[in-house]
Amino acid sequence: RGADTELPVMSDVRLAINVASCDNQPLVILRATNQDRLAELKAKMSKLAWSDGFIGQFLYVATTDSADLKAIRGLQASSEIIVVEPGHFGLEGDVLAQLKGGVSEEDLQEALDVSVVLHQRVDKQTASHTRLGSRLGIQWKTALPVTDTL
């Protein structure tokens, strides 16, 4: 765990929201218009992500495509660092905090601290959670087709 340790990012926003919901953790989304800016945001976030106060507290994802964020409620167009409360079924999320990338490390740390406090951990029992999802017609579309229906 060093200062040069990369930020552990998920492969895409849709999956990250779902995993954050399953893991009962807030999600940090880094959004930029190009890969160079995204690399800057990752480096900035990595310092805090690996710090003693925040290690293991969040999941992370990065994107250059604003269309990836259509499932996020309360998002401002200028935000580059977005902390999200994932929805109960991991299909959408609500903004807990959002900042521009030029924010100071102290202000970013404060926003993360507040997000940890605001995050609502939900106790999910697999059987009842699955039944409720079925009753509501909620289904996760997997990347690979499900062929085993047992």
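Residues numbered from 1 in each chain as written. Predicted model: local features only at pLDDT ≥ 70, side-chain atom pairs only at ≥ 80, totals over all residues. Heavy atoms only, no water.

Let us look at the overall build of the protein chain. For the protein chain, the count of helices and strands is four helices and six strands. When the elements of the protein chain are put in sequence order from the N terminus, they spell out β-α-β-α-β-β-β-β-α-α. Its C-alpha atoms give the protein chain principal-axis dimensions of roughly 50 × 30 × 30 Å. When the 150 residues of the protein chain are sorted by exposure, 37% land in the buried category. (Helix = DSSP H or I, 4+ residues; strand = E, 2+ residues; numbered from the N terminus. Buried < 20%, exposed > 50% of the residue type's maximum accessible area, 1.4 Å probe, protein only.)

Ranked by size, the top nonpolar core spans 21 residues in total, and within it Val28, Leu30, Met45, Ile81, Leu108 and Leu112 carry the most contacts. Every element with two or more residues in this core is listed here: strand 2 (27-31), helix 2 (35-49), strand 3 (59-63), strand 5 (81-86), strand 6 (93-99) and helix 3 (105-118). Element by element, the count of residues in this core is highest for helix 2, at five residues. Membership of the second largest hydrophobic core comes to 13 residues, among which are Ile17, Ile29, Ile82 and Val84. (Core = buried A, V, L, I, M, F, W, Y, C linked by side-chain atoms within 4.5 Å.)

In this section: unusual backbone geometry. A positive phi angle, near 60°, is found at Asn24, a position not held by glycine. When you line up the elements, Asn24 lands in the loop between helix 1 (13-23) and strand 2.

Counted according to the given criterion, the structure contains four salt bridges. Measuring nitrogen to oxygen at the nearest pair gives 2.7 Å for the salt bridge that ties Arg37 to Glu40. Here Glu40 and Arg37 lie together in helix 2, a separation of three residues that amounts to about one turn. The exposure class assigned to Glu40 is partly exposed, which follows from its relative accessible area of 47%. Between Arg37 and Glu80 there is a salt bridge, and its shortest N-O distance comes to 3.0 Å. A residue pair is termed long-range when its members are at least 10 positions apart, and Arg37 in helix 2 and Glu80 in the loop between strand 4 (72-73) and strand 5 qualify at 43 residues. Take Arg37: its relative accessible area is 22%, and that puts it in the partly exposed class. Taking relative accessible area as the criterion, Glu80 reaches 17% and is therefore assigned buried. A network of salt bridges, in which partner residues are shared, links Arg37, Glu40 and Glu80. (Salt bridge = Lys/Arg side-chain N within 4 Å of Asp/Glu carboxyl O.)

The relative placement of two packed helices is expressed as an angle between their axes plus a distance between the axes. It is the contact of helix 2 with helix 3, at a shortest axis distance of 11 Å, that shows an interaxial angle of 60°. Compared by their axis directions, helix 2 and helix 3 come out oblique. Between helix 2 and helix 3 lies a crossing of right-handed hand. Residues Lys44, Met45, Lys47 and Leu48 of helix 2 pack against Glu105, Leu108, Gln109 and Leu112 of helix 3. Classifying every residue of the contact of helix 2 with helix 3 gives four nonpolar, one polar and three charged. (Axes fitted to C-alpha atoms, helices over the stretch in contact; angles between N-to-C directions. Parallel < 35°, antiparallel > 145°, perpendicular 65-115°, else oblique. Left-handed = near helix turned anticlockwise from the far one by under 90°. Contact = heavy atoms within 4.5 Å. Nonpolar A, V, L, I, M, F, W, Y, C, P; charged D, E, K, R; others polar.)

Before going further, it helps to examine the sheet that holds strand 2. Read across the sheet, six strands follow the order 1-3-2-5-6-4 without closing on themselves; strand pairing throughout is mixed. Every other strand in the sheet has two partners, leaving strand 1 (9-10) and strand 4 as the edge strands with one partner each. One ladder, built from two bridges, connects strand 1 with strand 3; its direction is parallel. Bridging across to strand 3, Met10 finds its partner in Val61. In this fold helix 1 packs onto strand 1, strand 2, strand 3, strand 4 and strand 5, with an angle of close to 170° to the strand it touches most, strand 3. Contacts from helix 3 reach strand 2, strand 5 and strand 6, with the element oriented near 160° to strand 6. (Pairing = 2+ DSSP bridges.)

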